[in-house]
Amino acid sequence: MRRSPADLGAVADWHNLSEAFHRAAIGKRSRQEVQRFAANLDCELADLSREILAGTVAVGRMRRFRIRDPKPRIIHAPCFRERVLHHAIMAHVGPVLDRTLVEDTFACRVGKGSLAAVHRARHHMRRFPWYAKIDIRAYFASIDHVLLGGMLARRFKDKPLLALMRRIVAAHQVAPGKGLPIGALTSQHFANYYLSGLDRLLLEGCKVRGLVRYMDDLVWWGDSREAVHQALDAAVGYTHDRLALTIKQPVQVGRSRHGLSFCGYRILPGRLLLSRRRKRRYAECRRDWEAAYGNGLIDARTLQAGYASALAITDHADAGSWRREQLRRCPLAESLAAL
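Keep in mind the model is a prediction, meaning the values are calculated, not measured. (Residues numbered from 1 in each chain as written. Predicted model: local features only at pLDDT ≥ 70, side-chain atom pairs only at ≥ 80, totals over all residues. Heavy atoms only, no water.)

K.L.:
So, empty space enclosed by the protein: which residues are in play, and what are the values?
P.N.:
Under the counting rule described, the total for this entry stands at 1 cavity of 30 Å³ or more. In this structure, the largest cavity occupies an estimated 50 Å³ of space. M62, H86, I168, V169, L180, P181, A184, T186, S187 and F190 are the residues that line the largest cavity. Elements with a minimum of two residues in the lining of the largest cavity: α9 (159–170) and α10 (185–194). Per element, the largest residue contribution to the lining of the largest cavity is 3 residues, and it comes from α10. The residue inventory of the lining of the largest cavity, partitioned by class, reads 7 nonpolar, 3 polar and no charged. (1 Å grid on protein atoms, 1.4 Å probe; cavity = no way out; pocket = protein on both sides within 12 Å on 5 of 7 lines; lining within 4 Å. Points joined across faces, edges and corners; volume = space filled by probe spheres on them. Helix = DSSP H or I, 4+ residues; strand = E, 2+ residues; numbered from the N terminus. Nonpolar A, V, L, I, M, F, W, Y, C, P; charged D, E, K, R; others polar.)

K.L.:
Any details on the sheet that holds strand β8 (residues 265–267)? Residues and values, ideally.
P.N.:
Strand order in the open sheet formed by 3 strands is β7-β8-β9, and the pairing between neighbours is antiparallel. In the strand order of this sheet, the two ends are held by β7 (260–262) and β9 (272–274), each with one partner. Adjacent strand axes in the sheet meet at a mean angle of 35° when their direction is disregarded. Strand contacts of helix α6 (residues 114–127): β7, β8 and β9, with the helix running at about 20° to β8, the strand carrying the most contacts. (Pairing = 2+ DSSP bridges. Axes fitted to C-alpha atoms, helices over the stretch in contact; angles between N-to-C directions. Contact = heavy atoms within 4.5 Å.)

K.L.:
Account for the side chain of S275, naming residues and giving values.
P.N.:
Examined against the element boundaries, S275 turns out to sit in the loop between β9 and α13 (276–294). Taking relative accessible area as the criterion, S275 reaches 14% and is therefore assigned buried. Here S275 is in contact with G264, Y265 and R266, once residues within four sequence places are set aside. (Buried < 20%, exposed > 50% of the residue type's maximum accessible area, 1.4 Å probe, protein only.)

K.L.:
Quick rundown of the packing of helix α2 (residues 14–24) against helix α5 (residues 80–100)? Include the residues and the values.
P.N.:
Each pair of packed helices can be described by the angle between their axes along with the distance between the axes. The geometry of α2 relative to α5 is characterised by a closest axis approach of 8 Å and an angle of 120° between their N-to-C directions. As the angle between them shows, α2 and α5 are arranged oblique. Regarding α2 and α5, the two cross each other, and that crossing is right-handed. Facing N16, L17, A20, F21, R23 and A24 of α2, the residues of α5 in contact are F80, R83, V84, H87, A88, A91 and H92. Counted by class, the contact of α2 with α5 contains 8 nonpolar, 3 polar and 2 charged residues. (Parallel < 35°, antiparallel > 145°, perpendicular 65-115°, else oblique. Left-handed = near helix turned anticlockwise from the far one by under 90°.)

Next comes the structure, spelled out in structure tokens:
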């Protein structure tokens, strides 16, 4: 296996750091920490470059908060300076990791995404009669630092670069030597790469008929129930023995014609329906905008833009009749009267 020549010097290059700053600042220019960084940009980037090369750059400074989407999650958002560092690293590391992934891996990749994964899954459902769907128990929290470091060392040969990536990984631990923070750019790419061996085992070793993975949500198809179960046995063994991960039980095995819930949609061979989670998100989004309008915080034009954002949650599904029923049951006038 030929390893990448990417090195720490390329990460610390001023032009690379400047581009990383602009990527990290997208949508965040109004924040005070971004404005402070931008006000003294040349000195900030020079200091960051020097610390990267010296191996003293600070890592692990994160803001911790909780979200519910749909289940409770703890998010660790790096400070802006570290976000710039992460973007600078992934500018050189990301493309190398991306080339190791199979075509049907859809998370954290340009031109992919959850909707593309859904359409690919529907394509497979029309062709193959049986599927198995798995996801990993507490995936980000269970990733092993030593195993991940070994996998990165098989792709990169520059020791200072590997040392920096290991420092970033080790800065967050859910348990000793375990866990990546949800909310960091490096975590997304490392977590996506961590399961690449499982993809290849299923496609090349088990010869499954089709496969789609979005981070740790993985579905594959076969010509019979026995075929998908044989691949499942191999996947369980690989994730436990090689990756120190546990697959959630029970595993979903079923016929394609009966449908599949995946990436926020209920996928049928001929239709794409909303999952309960997307229906709830639509209702919550619409309710929040209507409450803001009823309390005088926004005008009618802004409310219309809010309705468009709620509509976008359901836009790709066959949900026209469902949306009309929601508007009939809960018209705007009644929503405002309830405030």
